[in-house]
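Observations on the model geometry
What follows is the residue order along each chain.
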Amino acid sequence: MSITSQLDALRKRIDKACTQAGRSPASVTLLAVSKTFGADAVIEAVQAGQRAFGENYVQEGVEKIAALRAWSQAQNQAAGLSPALQWHCIGPLQSNKTRPVAEHFDWVHSVDRLKIAQRLSEQRPAHLPPLQVCLQVNIDGGANKAGVAPAQALALAQEVAALPRLVLRGLMTIPEPAPDFETALAVHRRTRALFDALQASHAWPVPLDTLSMGMSADLEAAVAGGSTLVRVGTAIFGGR
Ligand SMILES: *Cc1c(COP(=O)(O)O)cnc(C)c1O
């Protein structure tokens, strides 16, 4: 199947999950995870109407952002329109890789410690809007997994929200693969409860409105559990 028809089928899948959960389809954003796929694949998705893309690997992401900008400018000259794309960094971040992220991405979902957040804030160029961030939470305590512990999330969120060049928008999780819908849903509900508690516990400069959870395999459970953004790669671009 083409990327266009996969995207079409996926939007229907998300809309159905929303309807079944009694939610508006407009309440769930689709982030297309284009890691390992080339600029051509992203262009096809853009032509099918997709605007937000997620990348895991910094160098690969930066190259694709440049390729899409060049494509977009050429389109612009040809047709007088240039779709504004949004780039989300969703992969693990080392502190020596923060600069290209701060300089090229619009969002980062994988902030899990203060040092990374401080570097992103310091390195965010003045001519760009602030970087939008989510804290990655290790909701199920998976061993050697990235993410702040749920008990530390509020303290980290307050420190991150106070940084001048970042805007804290919410939380992100990558739970362990679950054997069935109910097990997946229970973990997503725990994340949603933490998100709700966080929203209510502090006067945030910008309301926390983003709960980034759900991938190709578990997006129905994530939507039922209260996700506001699903990150989907395989179901759009195919296997990696
Ligand atoms: C790869 C990846 C995804 C997409 O996973 P699929 O199973 O291909 O949909 C989502 N989130 C993160 C953090 C990823 O690394």
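An account of the accompanying structure is given in this report. Remember, predicted model here, so these are calculated numbers, not experimental data.

**A closer look at the side chain of D218**
Structurally, D218 can be placed in the loop between β7 (210-212) and α8 (219-225). There is no salt bridge for the buried D218, and the closest opposite charge comes from R231, which lies 7.1 Å off by N-O distance. At 3.0 Å, the side chain of D218 and the side chain of H188 are in polar contact.

**A closer look at the site of the ligand**
Around the ligand sit V33, K35, N56, I90, I174, M215, S216, R231, V232, G233, T234 and R240, and that is every residue in its neighbourhood. A distance of 2.7 Å separates an oxygen atom of the ligand from a polar atom in the side chain of N56. Within the contact set of the ligand, an oxygen atom lies 2.5 Å away from a side-chain nitrogen or oxygen of T234. With the chains in place, 89% of the 390 Å² that the ligand exposes on its own is no longer accessible.

**What about unusual backbone geometry?**
The phi angle at T36 is positive, at roughly 75°, despite the residue not being glycine. T36 sits in the partly exposed class, given a relative accessible area of 47%.

**Examining the pattern of salt bridges**
Applying the stated criterion to the full structure yields ten salt bridges. With a shortest N-O distance of 3.8 Å, E103 and R99 are connected by a salt bridge. With E103 and R99 both in helix α4 (residues 98-104) and four residues apart, this pair spans about one turn of that helix. Using a relative accessible area of 34% as the deciding quantity, one classes E103 as partly exposed. Among the residues examined, R99 registers a relative accessible area of 43% and is labelled partly exposed. Beyond isolated ion pairs, a larger network of salt bridges with shared partners links E55, E60 and K64.

**Some points on the pairing of strand β1 (residues 29-33)**
For β1, a buried count of four out of five residues is recorded, marking the element as mostly surrounded by other parts of the structure. Strand direction decides the pairing type here: β1 and strand β8 (residues 229-232), joined by four bridges, are parallel. Bridging from a neighbouring strand, A32 pairs with V232 of β8. Of the pairings in the sheet, the one linking β1 to strand β2 (residues 52-55) comprises two bridges and is parallel in character. Each residue of the ladder has a partner; that of V33, found in β2, is G54. For the segment spanning β1, helix α2 (residues 39-47) and β2, crossover handedness is right-handed.

**Quick word on the nonpolar core**
Counting 64 residues, the largest nonpolar core has F53, V108, L120, V160, L168, I236 and F237 as the members making the most contacts within it. In terms of residue count, helix α1 (residues 3-20) provides more of this core than any other element does, six residues in total. I236 has contacts with I3, Q6, L7, L10, L30 and A32, leaving out every residue within four places of it along the chain. The next biggest cluster of nonpolar side chains, apart from the first, holds five residues, and it includes L31, V33, A52 and I90.

**Re the pairing of strand β4 (residues 107-111)**
Taken across its five residues, β4 has five buried, putting it largely inside the fold. Where strand β3 (residues 86-89) and β4 come together, two bridges link them in parallel fashion. By the bridge assignment for β4, H88 is matched with W107. A crossover connection joins β3 to the parallel β4 through α4; in handedness this β-α-β unit is right-handed. Across three bridges, β4 lies against strand β5 (residues 131-136) in parallel orientation. Bridged to V111 within β5 is L135. In this region the chain leaves β4, passes through helix α5 (residues 114-123) and returns to the parallel neighbour β5; the handedness of that crossover is right-handed.

How each quantity is defined
- Residues numbered from 1 in each chain as written.
- Predicted model: local features only at pLDDT ≥ 70, side-chain atom pairs only at ≥ 80, totals over all residues.
- Heavy atoms only, no water.
- Helix = DSSP H or I, 4+ residues; strand = E, 2+ residues; numbered from the N terminus.
- Buried < 20%, exposed > 50% of the residue type's maximum accessible area, 1.4 Å probe, protein only.
- Lys, Arg positive; Asp, Glu negative; His and termini not counted.
- Salt bridge = Lys/Arg side-chain N within 4 Å of Asp/Glu carboxyl O.
- Polar contact = N/O pair within 3.5 Å; in protein donor to acceptor, adjacent residues only side chain to side chain.
- Near = heavy atom within 4 Å.
- Areas by Shrake-Rupley, 256 points an atom, 1.4 Å probe, with all protein chains shown as cover.
- Pairing = 2+ DSSP bridges.
- Right-handed = clockwise from strand over helix to strand, strands pointing away.
- Core = buried A, V, L, I, M, F, W, Y, C linked by side-chain atoms within 4.5 Å.
- Contact = heavy atoms within 4.5 Å.

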